[in-house]
Amino acid sequence: GMAVDLTRNDNGEEDNDDTTDTSYTVTLANGSEITCKSVVLALGPTGTPVTPTKLCHVPKERLIQWPRMKEHLKSHHKRVLVVGGGLTAVQVAQYCLRSGRKVVLCSRRPLVERHFDIDTCWFDRRSANLQISEFYHQSEAE
């Protein structure tokens with residue numbers, strides 16, 4: 001769903017230790033809420049990170065930009081919220097799932113279908129190998 005708000009929930013303490021009881025509640029457009037300990041922003045191509053205004057109050061050690069994700073995501077981060085609606089967000093969510101975490105993928109705006117240079121079946125692990133094989137077996141003229 002589309003994220004419309006993010007609220008910090010804490011135990012009243014101001015320390016930034018990752019072992020505190022601090023968590024975050026994300027409110028979705030449909031009114032439902034998701035609670036998580038960490039937030040990962042999947043903001044697309046590498047460049048100067050832009051943090052959405054609603055997330056500016058989240059401590060920097062809890063807000064992980066995707067290029068630094070592997071070095072900053074700790075083993076005790078068992079539940080992860082990925083904010084983004086593009087390929088990078090999906091890849092981040094898949095990485096977190098493969099590492100045994102529970103993941104919620106949430107977009108700041110409605111998801112939009114976009115056309116790619118290649119067919120989406122290339123992204124599906126069930127058919128990607130077939131696509132690669134057929135590609136390499138085409139004649140040079142194609």
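Residues numbered from 1 in each chain as written. Predicted model: local features only at pLDDT ≥ 70, side-chain atom pairs only at ≥ 80, totals over all residues. Heavy atoms only, no water.

## A few points about the overall build of the chain
Along the chain, the regular secondary structure elements total three helices and seven strands. Listing the helices and strands of the chain from first to last along the sequence gives β-β-β-β-β-α-β-α-β-α. Every one of the 142 residues in the chain was classed for burial, and the buried ones make up 32%. The long-range fraction of contacts in the chain, counting pairs at least 24 apart against all pairs at least 6 apart in sequence, stands at 51%. (Helix = DSSP H or I, 4+ residues; strand = E, 2+ residues; numbered from the N terminus. Buried < 20%, exposed > 50% of the residue type's maximum accessible area, 1.4 Å probe, protein only. Contact = heavy atoms within 4.5 Å.)

## Quick look at the sheet that holds strand E1 (residues 3–9)
Judged by pairing direction, the sheet is antiparallel, and its three strands sit side by side in the order E1-E2-E3 without closing on themselves. Of all the strands in the sheet, the pair left with one neighbour each is E1 and strand E3 (33–36). Here the strands of the sheet are splayed against their neighbours by 20 degrees on average, with no regard to which way each runs. Here E1 runs beside strand E2 (residues 23–28); their pairing, made up of six bridges, is antiparallel. By the bridge assignment for E2, Arg-8 is matched with Tyr-24. (Pairing = 2+ DSSP bridges. Axes fitted to C-alpha atoms, helices over the stretch in contact; angles between N-to-C directions.)

## Considerations on the pattern of salt bridges
Tallied over the full model, the rule gives one salt bridge. The residue Asp-124 makes a salt bridge to Arg-126 at a minimum N-O spacing of 2.8 Å. For Arg-126, a relative accessible area of 74% puts it in the exposed group. (Salt bridge = Lys/Arg side-chain N within 4 Å of Asp/Glu carboxyl O.)

## Overview of the pairing of E3
Residues Ile-34 and Cys-36 of E3 are buried on one face, while the alternating residues Glu-33 and Thr-35, pointing to the opposite face, are not. Bridge analysis of E2 against E3 gives four bridges, and the strand direction is antiparallel. Each bridged residue has a counterpart across the sheet, and for Tyr-24 the counterpart in E3 is Cys-36. The loop that links E2 with its antiparallel partner E3 comprises four residues; one of these, Gly-31, has a positive phi angle of about 95 degrees.

## As for a nonpolar patch on the surface
A contiguous nonpolar surface patch, about 350 Å² in accessible area, is contributed by Ile-132, Phe-135 and Tyr-136. By secondary structure assignment, the location of Ile-132 is in helix H3 (residues 128–136). Exposure remark for Ile-132: the relative accessible area of 35% places this residue in the partly exposed category. (Patch = residues over 30% accessible without salt bridge, like charges linked within 9 Å, V, L, I, M, F, W, Y side chains within 5 Å. Areas by Shrake-Rupley, 256 points an atom, 1.4 Å probe, with all protein chains shown as cover.)

## Quick notes on the confidence of the model for the chain
Averaged over all residues, the pLDDT of the chain equals 75, while 76% of them reach at least 70. Mean pLDDT across the elements of the chain ranges from a minimum in strand E4 (residues 38–41), with 68, to a maximum in strand E7 (residues 102–106), with 87. (pLDDT = per-residue confidence, 0-100.)

## Details of the pairing of E7
In this structure, strand E6 (residues 79–83) lies alongside E7, joined through five bridges in parallel fashion. Within E7, the position partnered with Val-82 by the bridge is Leu-105. For the segment spanning E6, helix H2 (residues 87–98) and E7, crossover handedness is right-handed. (Right-handed = clockwise from strand over helix to strand, strands pointing away.)

## Focus on the nonpolar core
In terms of nonpolar packing, the biggest core is built from 14 residues, with Leu-6, Tyr-24, Val-26, Val-39, Val-58, Leu-81 and Cys-106 touching the most fellow members. Of all the secondary structure elements, the ones that give two or more residues to this core are E1, E2, E3 and E6. Once residues within four sequence positions are removed from consideration, Val-26 is found in contact with Ala-3, Asp-5, Leu-6, Ser-32, Glu-33, Ile-34, Leu-81 and Cys-106. Core analysis: the second largest hydrophobic core is formed by nine residues, Leu-73, Val-80, Ala-89 and Ala-93 among them. (Core = buried A, V, L, I, M, F, W, Y, C linked by side-chain atoms within 4.5 Å.)

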